[in-house]
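Here are the chains, one letter per residue:
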Amino acid sequence: MNKIVMDAAEETLLHTYNRFPVVLDKGDGVYLYDTEGKKYLDFAAGIAVCGLGYHYPGYDEALKEQVDKLLHTSNLYYHAPMVEAGKKLLSASKMSRVFFTNSGTEAIEGALKAARKYAYEKTGGSRYEIIAMNQSFHGRSMGALSVTGTAHYREPFEPLVGGVKFADFNDLDSVKAQITEKTCAVILETVQGEGGIYPADPAFLKGVRKLCDEKDLVLILDEIQCGMGRTGSYFAWQEYGVEPDIMTCAKALGNGVPVGAFVLNEKLAKSSLAPGDHGTTYGGNPFVCAAVSKVFDLFEENHILEHVKELTPYLESALDKLAEKYSCIAERRGKGFMQGLVIKDRPVGEVVSKALEEGLIVISAGSDVLRLVPPLVITREHIDEMTEKLEKCLQ
Ligand SMILES: Cc1ncc(COP(=O)(O)O)c(C=O)c1O
């Protein structure tokens, strides 16, 4: 069965991914099963998407209820699930207005447009430059790619959107050096994900916020991977006491349905995108919004943020012990349930493949980082099981 599906996929799908030789069939809790019945402990959560794992009590039921009612309306009409999801997202972020999208990439596009429009309203188009970070990742569309700080992702598609400059993450002077009279915004991930799991230094993030305040620049924080509880707060910036002007989120926001959002503070909401400036046919349809709304309810009812906070020291200490024991681990870094082990002396892909054989799903980040972004509902026992399996790959 596995082989039939894999062969058919290679003959059918555009080859933009080198997939692992596994055909996943179903999920249960924090485990996945392939079509041959092999069980995997999931420490990747579909790249930080399935925060509640698979079939979390109450989630499927809410989706099924919405399927029976109404899937789609377009954005020409009101519907209650969008309002409910929006209210809950604003309550969690203490921000002012939300626009729902179909993906993280689209949330980035909207955020960039809102930032440019804010500057346009203020200066009539003389300020348009955006400062992004080296090693950042914001998506694959032409706009999101333009602010993604990895040259090999960008180069084949240039020229991209103009007016983007790159600075070094966690280096305030490097950001300062890129500011000109044309700058309108700074975009960064609060914890860099794809680039290799680098949390922002508190002094750096506070410094960028101060710079943005002084020069009336829009601060966009990309919380697509690090948001929705992954660091123990709804959004990682809440751990720093620094507020963005625009935040992007997606991934765990819907726990598996395709939904993202960009969220604006009052200043940006009042003076950026207006009717006719932006739109989407599917974005925030009743189905995905019912999922978002239920995700927030389940987070609250089941104290998911508290759980992540409580268990983080256990996860960190388990990984630190591995790093002490195995010389092929150069370093552990991360925040909450977004952790990376820097692998030296062997390709990280080898460890990922070996883990898969052992029944553990992990992924890589950057060129040499083993990334662990498990469902937020893992227990100590799952962490023990993960370390046991990972040890077999590191020996
Ligand atoms: C920080 C960050 N921003 C943006 C994106 C793009 O999101 P999506 O793949 O949902 O379009 C990702 C995806 O990995 C991400 O990690």
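Reading the values: the criteria
Residues numbered from 1 in each chain as written. Predicted model: local features only at pLDDT ≥ 70, side-chain atom pairs only at ≥ 80, totals over all residues. Heavy atoms only, no water. Helix = DSSP H or I, 4+ residues; strand = E, 2+ residues; numbered from the N terminus. Buried < 20%, exposed > 50% of the residue type's maximum accessible area, 1.4 Å probe, protein only. Pairing = 2+ DSSP bridges.

This part covers unusual backbone geometry. The amide bond that connects E158 to the next residue, P159, takes the cis arrangement and shows omega of 5°. Of note, P159 is situated in the loop between α7 (151-154) and β6 (164-167). With a phi close to 60°, I197 is a non-glycine residue in the positive phi region. Structurally, I197 is set in the loop between β8 (191-192) and β9 (198-199). Its identity is not glycine, yet N255 carries a phi of approximately 60°, on the positive side. As for its placement among the helices and strands, N255 is situated in the loop between β11 (246-249) and β12 (260-264). Residue N255 is classed as buried on the basis of its relative accessible area, which comes to 5%.

Where strand β2 (residues 31-34) lies against strand β3 (residues 39-42), three bridges are found, and the strand directions are antiparallel. Residue pairing in the sheet places Y33 in a bridge with K39 of β3. Hairpin remark: β2 followed by β3, antiparallel, with four residues in the connecting loop; positive phi at G37, about 90°. As defined by bridge partners, β3 adjoins strand β15 (residues 360-361) across two bridges and the pair is classed as parallel. Directly across from D42, in β15, lies its bridge partner I361.

Read these as geometric descriptors, not functional statements.
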